[in-house]
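# Structural features, examined
If you want the building blocks of each chain, they are given just below.
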Amino acid sequence: MIGSSCGDSSLVNRGCDDVTSVASGNVPSSRNEESVTSYSDVRERFYLPVNVPDVSKPNINQSFQSLDQAFAFYKDYGRLSGFDVRKGTEKKDAFGTITFKHYTCSKEGSNEFRSISDSNSSNVKRRRTASTRCCCKAKIVLKLNKDRQYFVFRFDEVHNHPLVDESGRQFLRSSREMTFSSRNFVFDAAKVNIGCSKAYGLMKEMVGGYSNVGATLRDFRNFNRDLKEYVGERDGQMLIDKFKVFQESSSSFYYAYELDEAGRLTKLFWADAISRRNFEVYGDAVSFDATFDTNKYNMIFAPFTGVDKHEKCITFAACLLSKEDVTHYKWVFDQFSTCMGRHPVVIVTDQCPAMKIAVSSSLSSKNGLVATKHRLCMWHIMQKFPIKLGNRLCKETDFMEKMKKYIWSTHLEIADFEQGWEAVIKEFNLENDKWLTDMYAIRSLWIPAFFRDEPMFGLMRTTSRSESENFFFAQFHRQADTLCEFWLRFQSAMERQRNETKRLDEESKSSFPTTLSRWFIEDDAADLFTRTVFYRVQEEILAACLDMQIKRMSEEIDGVTNFEIKDVKVKEKIFKQIGVTRFPRSLLLNRWSKIADSGSSCDIISTDYLKMENVSLKLMNIWFDFRQVLNKAGLQMEALEFVHKTVKQLGSEVGGGCTDGGGFSKKDHLASLIGDQPQGEITVLVPNVSKNKGNYFKSTRLISEREKAITKSKKRIRKCKECLATTHDSRTCPKKKLQK
C-alpha cells in the first residue's frame, strides 16, 4: 500500500467485497481533493489508516474487561487514525446481558434524503447541517466469552472516505470530549464571573495551544447550557435543600424563606456562622442597599454591610426579594433581628419610602430590643444634586464646592452648618427649590453635624459602603444566573472578602508600623490597633502637637497635675490629660483592636459539603506541579517523550479500565458540582420574573433626562457614506440624488 502524503491514510482500490490492488497515480493529500468515493463507479476508492502504533490498534481476539473499556480503546484508535466512532447495534441474551456489540465509524449508514420540494413545502425553519454519513463499513465487533470478558470478534479497518489529517484531529468528537478536569475548570471559572470565552482562552494558555485543550469553545458553552438545564425548574428546591444541609452541618447557619400562594419562592434570607460572628463584633452600624440584575428572576439582592477593624466592607447577611415594598422589607428586617438576636445601633439606607416604614416598624423597641437609629446614605443624596439642580449649576459654578464645605465637615456645630447652608442657598437664589427644601427638612438624617458624636458616623459620611459592596458583588454575579449559580458566585465572593481580611490580619500581626515620635502612647497604639486604624490614630497623636492648646494647669496634688486641653478645630471640647502613656482599655472600642474577633458564640464546623472545594484545590496543585515538570523538560524531545510515557503509564494505572472521571457519569459530576436533584415532589417552585424599579431590563420605569443623555452618548453615531453627514443615511442622501 502507498501511504498518503500527509501520513494519515493509504488509498486502495477495491470492489464491493475485497481489496484487489494498489491504486495508481498520486495519492490525495487532503479530503478536499477530488478523491471521494464515486458510488456510480464499479471500482470505489477506500482508505486505510497508517502510522498508528500497534499497541493502539485493535487485534482479533483482543479482550477487554468491559464494553466501556473497549469503546474508549476504539475511540482512541479513531482519534489517532483520523475518524470519529459511535456506538452501533447490539445483541442481548435472555438475561439482558449484551453478547454482541458493534462500534462503527461515525460515517456508517446514510442520511434520510429530503427533496427540494419537501423543504419548500414546510414552513418550519430548519437548521442548516451538512451530511457526514457515506455508508462507511469500518467497525469493530465485540463478543462476550465464557470468562465474561469481551473480545474482538471482527475488525474492519478500511474506510470509504478520506481520513482527517493531523491538523484537523483536534476537531474530531473523540478529541473534543469535555473531560472531568475541563468541566471543573469551566465551573470554577464561572464562580468568579469568567465566561466560557475567557475560560477557553485561559485553558489554551495553560495547556500550550488550542489543539491541546481537548474541546472547542462551543463545547464549553454547551456544558454551561447543560448545567442550567440540569437545574431547570428545580432551582428553588435545590437551593433550599442545600441550605438544609448547611444547617444540619452547622447549627449557626441561619436561613428563612417564604412562598406565595402558588408555591413560588418570594423571599429568602441567610447568614452563615462567620457572618453572625462578625455581626457580634462589628454590628454597631449596618448599611443596607438593594442590588439588581444578579439573577435570571430579577429578584433583588440586598446584603447587610458593615465595617470591620481594617475599615473594610464586611457582609453580615444577605437576602433575595421579589418586590421592593414594605411587606418584603419588614420581613427581611424581622429575620435579621431574629438571626442576630439584637438590632444594630445604626442602619443606613437610601431614601426608599418602603425601607423607612419597614425600619421604623421592625427595628423599633416594641419587641424589647434597643431601637435602631435610621440614617440616610450621604452618597445617594449627593449623587442627586446634578440630577435635581442641573449640571450647569453643579459643574460650571462653585456651588458644589461651597455646599460640600458645610455638608462634609466633621468639625462644624449644627448652628454653623445651618448658617452656612442658608448662606449658600441665598447666594445662588435657591430659596424656592423644593428638593433642597425637602433635603434641609430631613437634615438630621444625613448631615454629619447632627450625629458626629455617635459611634460609627463615619460609615455615613464616607463614600457609600453599600455602593462599594454592590460594585464588589457585581464582579461575580450575572443577570442570567440561576439561584444555584447565584449562590456559588456569592460563596466565591465571600471567600475573596474573607481572604482579604485574613491577609490584613496577618499583616497587622507580623509587622510593626513605623512610629513618628518617641511617645509611649504611639507605641501602645501600634501594639493595640490594626495597621489601618493605627495610621489614623497616629495622625491624631501628631495633631495634638499642633492643634491642642493648654488652657490651664492645676497645682500638683499627690503627684498628679491636671491640664485642661483645648482642640482649636473643635469648639467647646475640653480634654483633661493626666500624663497618659497608654490608652485606657475601658474607654476603647474593642472592634478596632487586632484581637477584636477573637472568641465567638457561633460554632464554625468543617463539613462534608466542602469536599468539592478540596478537590478543586487538589486539581489546581496537580496542574501546577505538572506545569513545573514541563518547564523543566523545556524543548528537549527526550525529556518530553519521557514525561509523555510516564503520564500515559500513570493513566493506565490510575484508570484501571475506568472512563474519565473515575467512573463518574456526566450527571453525577453535575450533582457533585451544583447539588443533587431533589427526589419526589418539588415543594419550592422557581420565582416569577420580578419587575422592580431598579431592573434596567424588561422594565417600564421612567427614565430621567440625564440617563437618556448618557445612553445616547454611548451609542455609535451613524454617518452617511456619501457625505458623512449625521442627519441622514446613504439611501436618502441629497448629494447622491443630485448625482443621479
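Keep in mind that this is a model prediction, so the values were computed, not measured. (Residues numbered from 1 in each chain as written. Predicted model: local features only at pLDDT ≥ 70, side-chain atom pairs only at ≥ 80, totals over all residues. Heavy atoms only, no water.)

## Examining the overall build of the chain
- Each helix and strand counted, the chain has 25 helices and 18 strands in total.
- For the chain, restricting intrachain contacts to residue pairs at least 6 apart in sequence, the fraction spanning at least 24 positions comes to 64%.
- Surface summary for the chain: the accessible area is close to 43,100 Å², and the carbon and sulfur share equals 52%. (Helix = DSSP H or I, 4+ residues; strand = E, 2+ residues; numbered from the N terminus. Contact = heavy atoms within 4.5 Å. Areas by Shrake-Rupley, 256 points an atom, 1.4 Å probe, with all protein chains shown as cover.)

## Considering helix α8 (residues 326-340)
- In this model α8 runs 21 Å from its N-terminal to its C-terminal C-alpha over 15 residues, within 8% of the 21 Å that 1.5 Å per residue would give.
- Here α8 has its buried residues at His328, Tyr329, Trp331, Val332, Phe333, Gln335, Phe336, Ser337, Cys339 and Met340.
- One or two residues past the end of α8 sits glycine 341, with phi positive at roughly 80°. (Expected span 1.5 Å × (residues − 1). Buried < 20%, exposed > 50% of the residue type's maximum accessible area, 1.4 Å probe, protein only.)

## Some thoughts on the packing of aromatic side chains
- Taken as a whole, this structure holds 46 aromatic pairs when the rule is applied.
- Measuring from ring centre to ring centre gives 6.0 Å for tyrosine 74 and phenylalanine 83, while their planes differ by 65°; the resulting arrangement is edge-to-face.
- Note on tyrosine 74: relative accessible area 0%, which makes it buried.
- Overall, the relative accessible area of 2% leaves phenylalanine 83 in the buried class.
- A ring pair is formed by phenylalanine 253 and tyrosine 255, whose centres lie 6.3 Å apart and whose planes are at 40°; its orientation type is tilted. Neither phenylalanine 253 nor tyrosine 255 differs from the other in exposure class; each is buried.
- Directly above the ring of phenylalanine 71 sits lysine 87, whose terminal nitrogen or CZ lies 5.1 Å from the centroid.
- A cation over an aromatic ring shows up here: arginine 591 above the ring of tryptophan 592, its NZ or CZ 4.4 Å from the ring centre. (Phe/Tyr/Trp six-rings, centres within 6.5 Å; stacked < 30°, edge-to-face > 60°. Lys NZ or Arg CZ within 6 Å of the ring centre and 35° of its normal.)

## Details of helix α6 (residues 235-249)
- If you check α6, its first and last C-alpha atoms are 22 Å apart, about what 15 residues at 1.5 Å a residue would give, namely 21 Å.
- Buried residues of α6: Asp235, Gly236, Gln237, Met238, Leu239, Ile240, Lys242, Phe243 and Phe246, and no others.
- For α6, the elements touching its buried residues are α5 (217-231), β9 (254-259), β10 (265-271), α18 (483-510) and α23 (666-674).

## A closer look at the packing of α6 against α18
- Look at α6 against α18: their axes get within 8 Å of each other, and the N-to-C directions meet at 40°. Judged by the angle between their axes, α6 and α18 are oblique. Contact with α6, carried on its side by Asp235, Gly236, Met238, Leu239, Lys242, Phe243 and Phe246, involves Leu483, Cys484, Trp487 and Gln491 of α18 and no other residues of that element.
- Residues that form the contact of α6 with α18 fall into these classes: seven nonpolar, two polar and two charged. (Axes fitted to C-alpha atoms, helices over the stretch in contact; angles between N-to-C directions. Parallel < 35°, antiparallel > 145°, perpendicular 65-115°, else oblique. Nonpolar A, V, L, I, M, F, W, Y, C, P; charged D, E, K, R; others polar.)

## As for the pairing of strand β14 (residues 346-349)
- Across the two faces of β14 the burial is the same, with Val346 and Val348 and Ile347 and Thr349 all buried.
- Pairing between strand β11 (residues 285-288) and β14: three bridges, direction parallel. Among the inter-strand pairings, valine 286 is bridged to a residue of β14, identified as isoleucine 347.
- Summarising the sheet, β14 and strand β15 (residues 373-376) pair through four bridges and their orientation is parallel. By the bridge assignment for β15, threonine 349 is matched with leucine 376.
- For the segment spanning β14, helix α9 (residues 353-362) and β15, crossover handedness is right-handed. (Pairing = 2+ DSSP bridges. Right-handed = clockwise from strand over helix to strand, strands pointing away.)

## Notes on unusual backbone geometry
- With phi around 60°, asparagine 51 is a residue other than glycine that occupies positive phi space.
- Even without glycine at this site, arginine 148 takes up a positive phi of about 65°.
- Within the secondary structure layout, arginine 148 lies in the loop between β7 (139-144) and β8 (150-156).

## Here we look at the sheet that holds β10
- Judged by pairing direction, the sheet is mixed, and its seven strands sit side by side in the order β9-β10-β13-β12-β11-β14-β15 without closing on themselves. Each having just a single partner strand, β9 and β15 make up the two edges of the open sheet. Averaged over all pairs of adjacent strands, the angle between their axes in this sheet comes to 20°, without regard to strand direction.
- In the sheet, β9 pairs with β10 via six bridges, with the strands oriented antiparallel. Within the sheet, the bridge partner assigned to tyrosine 257 lies in β10 and is leucine 268.
- α6 rests against β9 and β10 of the sheet, and its axis sits at about 150° to β9.

## Brief notes about the pairing of β7
- Judged by how many residues are buried, β7 sits mostly within the fold: five of six residues are covered.
- The sheet contact formed by strand β6 (residues 98-105) and β7 spans five bridges and is antiparallel. Looking at β7, one finds that phenylalanine 100 is bridged to lysine 143.
- Note that β7 and β8 share six bridges and pair antiparallel. Considered in β8, the bridge of isoleucine 140 is made with phenylalanine 155.
- Linking β7 to β8, which pair antiparallel, is a turn of five residues; within it arginine 148 sits at a positive phi near 65°.

## What about the environment of serine 508?
- Within the element layout of this structure, serine 508 appears in helix α18.
- Taking C-alpha positions, serine 508 is 7.2 Å from lysine 594, a pair spaced 86 residues apart along the chain.
- Residues in contact with serine 508, not counting those within four places in the same chain, are His310, Thr530, Arg531 and Lys594.

## Brief notes about the state of the cysteines
- Inspection of the entire model under this criterion finds zero disulfides.
- Free cysteine cysteine 134: the closest other cysteine sulfur is in cysteine 136, separated by 5.8 Å.
- You can call cysteine 134 buried: its relative accessible area is 16%. (Disulfide = S-S within 2.5 Å.)

## Quick look at the packing of helix α3 (residues 180-191) against α5
- It is the contact of α3 with α5, at a shortest axis distance of 10 Å, that shows an interaxial angle of 70°. As the angle between them shows, α3 and α5 are arranged roughly perpendicular. On the side of α3, the interface is formed by Arg183, Val186 and Phe187, while α5 contributes Phe220, Phe223 and Leu227.
- Class assignment for the residues of the contact of α3 with α5 results in five nonpolar, no polar and one charged.

## A look at the confidence of the model for the chain
- With 81% of its residues at a pLDDT of 70 or more, the chain shows a mean pLDDT of 80.
- Across residues 1-42, where pLDDT falls below 50, the model places 89 contacts with residues more than four positions away in sequence or in other chains.
- Confidence over residues 605-609 falls short of pLDDT 50; this stretch has five contacts with residues more than four positions distant or in other chains. (pLDDT = per-residue confidence, 0-100.)

## Thoughts on the nonpolar core
- In terms of nonpolar packing, the biggest core is built from 33 residues, with Phe269, Phe288, Phe304, Tyr329 and Phe333 touching the most fellow members.
- Of all the secondary structure elements, the ones that give two or more residues to this core are β9, β10, α7 (273-282), β11, β12 (300-307), β13 (313-321), α8 and α9.
- The greatest single-element share of this core, amounting to seven residues, is contributed by α8. (Core = buried A, V, L, I, M, F, W, Y, C linked by side-chain atoms within 4.5 Å.)

## Thoughts on the pattern of salt bridges
- What the rule picks out here adds up to 23 salt bridges.
- The salt bridge involving glutamate 205 is made with lysine 204; its shortest N-O contact spans 2.7 Å.
- Taking relative accessible area as the criterion, lysine 204 reaches 22% and is therefore assigned partly exposed.
- Of the charged contacts, one joins glutamate 500 and arginine 503 as a salt bridge, the two residues approaching to 2.6 Å between their closest N and O atoms. (Salt bridge = Lys/Arg side-chain N within 4 Å of Asp/Glu carboxyl O.)

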